[in-house]
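Each chain, written out:
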Amino acid sequence: MPPWNFFLIQALSGEIVSSKEATIFTPNGQQAVVLVSCAPISIKHDKQRILTGAIILFQDITKAKDIEQQKNEFLSIASHELRTPITIIQGFADLLTQIPLKEGSFDELTQSALMHIVDQSEYLTRLIDAMLDIARIEQQQLSLNLATHDLHHLLIQVVDSQLMTTNQHQLHLVVEGLQAHEPLPGEFDKQRIVQVMSNLINNAIKYSPNGGAIEVGLRVTHTGESLSGKYRDAWLWVKDHGLGIAPNECSRIFERFYRARMTDNSSLSGFGIGLYVTKEIINRHGGRVWVESRLHEGSTFYVHLPLHSPHRVATELVD
Ligand code: ADP
């Protein structure tokens, strides 16, 4: 039965279906990607509505899909090709910045030029990585490298390394439901969770241009027990007292390339990709990310991260 038949059945039972993607075969045997919309048709009889049929509409989006696919492939190839030379430039510039320490041979101008090269190539690397992530997400190829890690320890490490990036902000970690160094094992992709937390803390720093306190939080809750072990959930948050986000933009900032008006007009640079990737990573872990914010008062980003998938509860800690 062709997939659109189900939409037709829905319409015949009184529902409206709009823009559902389906693949169909045209009469000449070619495959086409279409958006299907369906609606019931009824007439009024004796103050009652009688269903007389349904209307179905196909919108052929095969060409648009092809172009989208080509764009994604281009993005992915271009990013890969760019990454290698940038990594080499960054590596050599890094190496050269270390020479003066040993031999005292570079003047101040050369040193500052080298620092700029390192800074800018790091920036380019981040941009390329973000583009690669976007290409992966669009092609449904963002895969997770799941293993069991200590989330508590990981968060301490992330906060420590972010502390070094600012002397204008007071960054502190709040942990609820755990002892000082009590491990919190969970099954997740370590690199990706570091990426998520670093991005949220980075944003909190960036969008609080006047400095201030930034709270990074972790709370653990028990959701239950089964034959395969205990289920725990982690709740993470990053709270700042910075620029804040207008209510109508709070959900939009998770869209690809979206930057809130307040910050887009300012001199704070960004690509509008970080939160899009963050949302995808957390969704893939079976969790959720959201924000509560007040314009000019600050924002709190929350992450709900389920810690165990039912099949892997008994695995050993990797670190
Ligand atoms: P970028 O910061 O590179 O623009 P993100 O995807 O990380 O991209 O964020 C998207 C947008 O969300 C930002 O441009 C900014 O407008 C808004 N935003 C994110 N974090 C904060 C924050 N802590 N405070 C205020 N606005 C924020």
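The residue numbers shown here count from 1 along each chain, following its written sequence. Local features in this predicted model are restricted to residues of pLDDT 70 or higher, and side-chain atom pairs are both shown and tallied only at a pLDDT of 80 or more, whereas totals for entire chains, interfaces and linings draw on every residue. As a rule here, side-chain values cover all heavy atoms of the structure and leave hydrogens and water aside.

**Focus: the nonpolar core**
For step 1, the next point in the chain: What we call a nonpolar core is a set of buried Ala, Val, Leu, Ile, Met, Phe, Trp, Tyr and Cys residues that are connected through their side-chain atoms within 4.5 Å. Whether a residue is buried, partly exposed or exposed follows from its accessible area with a 1.4 Å probe, protein chains only, as a fraction of its type maximum: under 20%, in between, or over 50%, in that order. Counting 47 residues, the largest nonpolar core has Leu 151, Met 197 and Ile 253 as its most contacted members.
For step 2, the next point in the chain: Helix numbering and strand numbering both begin at the N terminus, where a helix is a DSSP run of H or I of at least 4 residues and a strand a DSSP run of E of at least 2. Every element with two or more residues in this core is listed here: α3 (108-138), α4 (151-163), α5 (190-206), β7 (212-226), β8 (229-239), α7 (274-284), β9 (288-294) and β10 (298-306).
For step 3, the next point in the chain: With seven residues, α5 is the largest single contributor of residues to this core.
For step 4, the next point in the chain: Contacts between residues were defined by any pair of non-hydrogen atoms, one from each residue, lying within 4.5 Å. If we skip the residues at most four places from it in the chain, Met 197 touches Leu 155, Val 158, Val 216, Leu 236 and Val 238.

**Points about the environment of Gly 177**
For step 1, the next point in the chain: If you trace the backbone, Gly 177 turns up in the loop between β5 (169-176) and β6 (185-188).
For step 2, the next point in the chain: Sequence separation between Gly 177 and Glu 21 is 156 residues; the distance between their C-alpha atoms is 45 Å.

**Thoughts on the side chain of Thr 278**
For step 1, the next point in the chain: The topology assignment puts Thr 278 in helix α7.
For step 2, the next point in the chain: Given a relative accessible area of 2%, Thr 278 falls into the buried group.
For step 3, the next point in the chain: With residues near it in sequence (within four places) discarded, Thr 278 still touches Val 196, Asn 199 and Val 289.

**Some thoughts on the layout of surface pockets**
For step 1, the next point in the chain: Considering only enclosed or pocket space, the second largest pocket measures out at about 220 Å³ in volume.
For step 2, the next point in the chain: Taken together, Lys 65, Glu 68, Gln 69, Asn 72, Glu 138, Gln 139 and Gln 140 form the lining of the second largest pocket.
For step 3, the next point in the chain: Here the lining of the second largest pocket gets four residues from one element, more than from any other, and that element is helix α2 (residues 62-103).
For step 4, the next point in the chain: Throughout this entry, Asp, Glu, Lys and Arg are counted as charged residues, while Ala, Val, Leu, Ile, Met, Phe, Trp, Tyr, Cys and Pro are counted as nonpolar. The remaining residues, Gly among them, count as polar. Tallied by class, residues from the lining of the second largest pocket come to no nonpolar, four polar and three charged. Only protein atoms enter the 1 Å grid, on which a cavity is a set of points fitting a 1.4 Å probe that cannot get out and a pocket is an open set with protein on both sides within 12 Å along at least 5 of 7 lines, lining residues being those with an atom within 4 Å of a point. Grid points are joined across faces, edges and corners, and a volume is the space filled by probe spheres set on the points.

**As for a nonpolar patch on the surface**
For step 1, the next point in the chain: Taken together, the side chains of Ile 88, Phe 92 and Leu 95 present a nonpolar region at the surface, about 320 Å² in accessible area.
For step 2, the next point in the chain: The residue Ile 88 is located in helix α2 in this model. For patch building, the residue pool is restricted to those with more than 30% relative accessible area and no salt bridge; the joining distance is 9 Å between like charges and 5 Å between nonpolar side chains (Val, Leu, Ile, Met, Phe, Trp, Tyr). Surface accessibility in these figures is a Shrake-Rupley result with a 1.4 Å probe; residues are shielded only by whichever protein chains are displayed. Throughout this description, the term salt bridge denotes a Lys or Arg side-chain nitrogen within 4 Å of a carboxyl oxygen of Asp or Glu.

**Let's talk about the side chain of Ser 208**
For step 1, the next point in the chain: Among the structural elements, Ser 208 can be located in the loop between α5 and β7.
For step 2, the next point in the chain: Here a polar contact means two N or O atoms within 3.5 Å. Within protein one must be a hydrogen donor candidate and the other an acceptor candidate, and residues neighboring in sequence count only if both atoms are side-chain atoms. Here Ala 204 takes part through its backbone oxygen, which lies 2.6 Å from a polar atom of the side chain of Ser 208.

**What about the pairing of strand β1 (residues 17-25)?**
For step 1, the next point in the chain: The pairing criterion is simple: DSSP has to find at least two bridges between the two strands. One ladder, built from seven bridges, connects β1 with strand β2 (residues 31-45); its direction is antiparallel. Bridge pairing in β2 links Ala 22 to Val 34.
For step 2, the next point in the chain: The antiparallel pairing of β1 with β2 creates a hairpin that spans five residues between the two strands, and Gly 29 there sits at a positive phi of about 85°.

**Considerations on the pairing of strand β3 (residues 48-60)**
For step 1, the next point in the chain: Where β2 lies against β3, 12 bridges are found, and the strand directions are antiparallel. By the bridge assignment, His 45 is partnered in β3 with Gln 48.
For step 2, the next point in the chain: Between β2 and β3, which follow one another and run antiparallel, lie two residues, and Asp 46 among them has a positive phi close to 50°.

**Some remarks on the sheet that holds β2**
For step 1, the next point in the chain: With antiparallel pairing, three strands are arranged side by side in an open sheet as β1-β2-β3. Single-partner strands in this sheet number two, and they are β1 and β3. Direction aside, neighbouring strands of the sheet carry axes that sit 35° apart on average.
For step 2, the next point in the chain: Orientation is described by axes fitted as lines to C-alpha atoms, over the contacting stretch for helices, and by angles from 0 to 180 degrees between their N-to-C directions. The strands that helix α1 (residues 4-12) touches are β1, β2 and β3; relative to β3, the one it contacts most, it runs at about 155°.

**Here we look at the packing of α4 against α5**
For step 1, the next point in the chain: Between α4 and α5, the shortest axis-to-axis distance is 10 Å and the interhelical angle comes to 40°. Between α4 and α5, the crossing angle belongs to the class labelled oblique. The handedness of the crossing between α4 and α5 is right-handed. Seen from α4, the contacting residues are Leu 151, Leu 154, Leu 155, Val 158, Val 159 and Gln 162; seen from α5, they are Lys 190, Ile 193, Val 194, Met 197, Ser 198, Ile 201, Asn 202 and Ile 205.
For step 2, the next point in the chain: When the residues that make up the contact of α4 with α5 are grouped by side-chain class, the tally is 10 nonpolar, three polar and one charged. Between 65 and 115 degrees an angle is taken as roughly perpendicular, under 35 as roughly parallel, over 145 as roughly antiparallel, and anywhere else as oblique. Take the far helix as the reference: if the near one is turned anticlockwise from it by less than a right angle, the crossing is left-handed, and if turned clockwise, right-handed.

**Some remarks on the packing of aromatic side chains**
For step 1, the next point in the chain: Note on ring pairs: Phe, Tyr and Trp rings are taken, using the six-membered ring of Trp, and paired if centres are within 6.5 Å. Classes follow the plane angle, with under 30 degrees stacked, over 60 edge-to-face and the rest tilted. Tallied over the entire structure, the rule returns three aromatic pairs.
For step 2, the next point in the chain: A ring pair is formed by Trp 290 and Tyr 302, whose centres lie 5.3 Å apart and whose planes are at 15°; its orientation type is stacked. Note that Trp 290 is positioned in strand β9 and Tyr 302 in strand β10, a separation of 12 residues in sequence.
For step 3, the next point in the chain: With a relative accessible area of 21%, Trp 290 lands in the partly exposed category.

**Comments concerning the pattern of salt bridges**
Note on pairing: side chains with opposite charge can pair once their charged atoms come close.
For step 1, the next point in the chain: Tallying each qualifying case throughout the model produces nine salt bridges.
For step 2, the next point in the chain: Where Glu 255 meets Arg 252, a salt bridge forms, and the shortest distance between an N and an O atom there is 3.0 Å.
For step 3, the next point in the chain: Residue Glu 255 is classed as partly exposed on the basis of its relative accessible area of 35%.
For step 4, the next point in the chain: Taken together, the shared-partner salt bridges in this structure form one network comprising Asp 133, Arg 136 and Arg 192.

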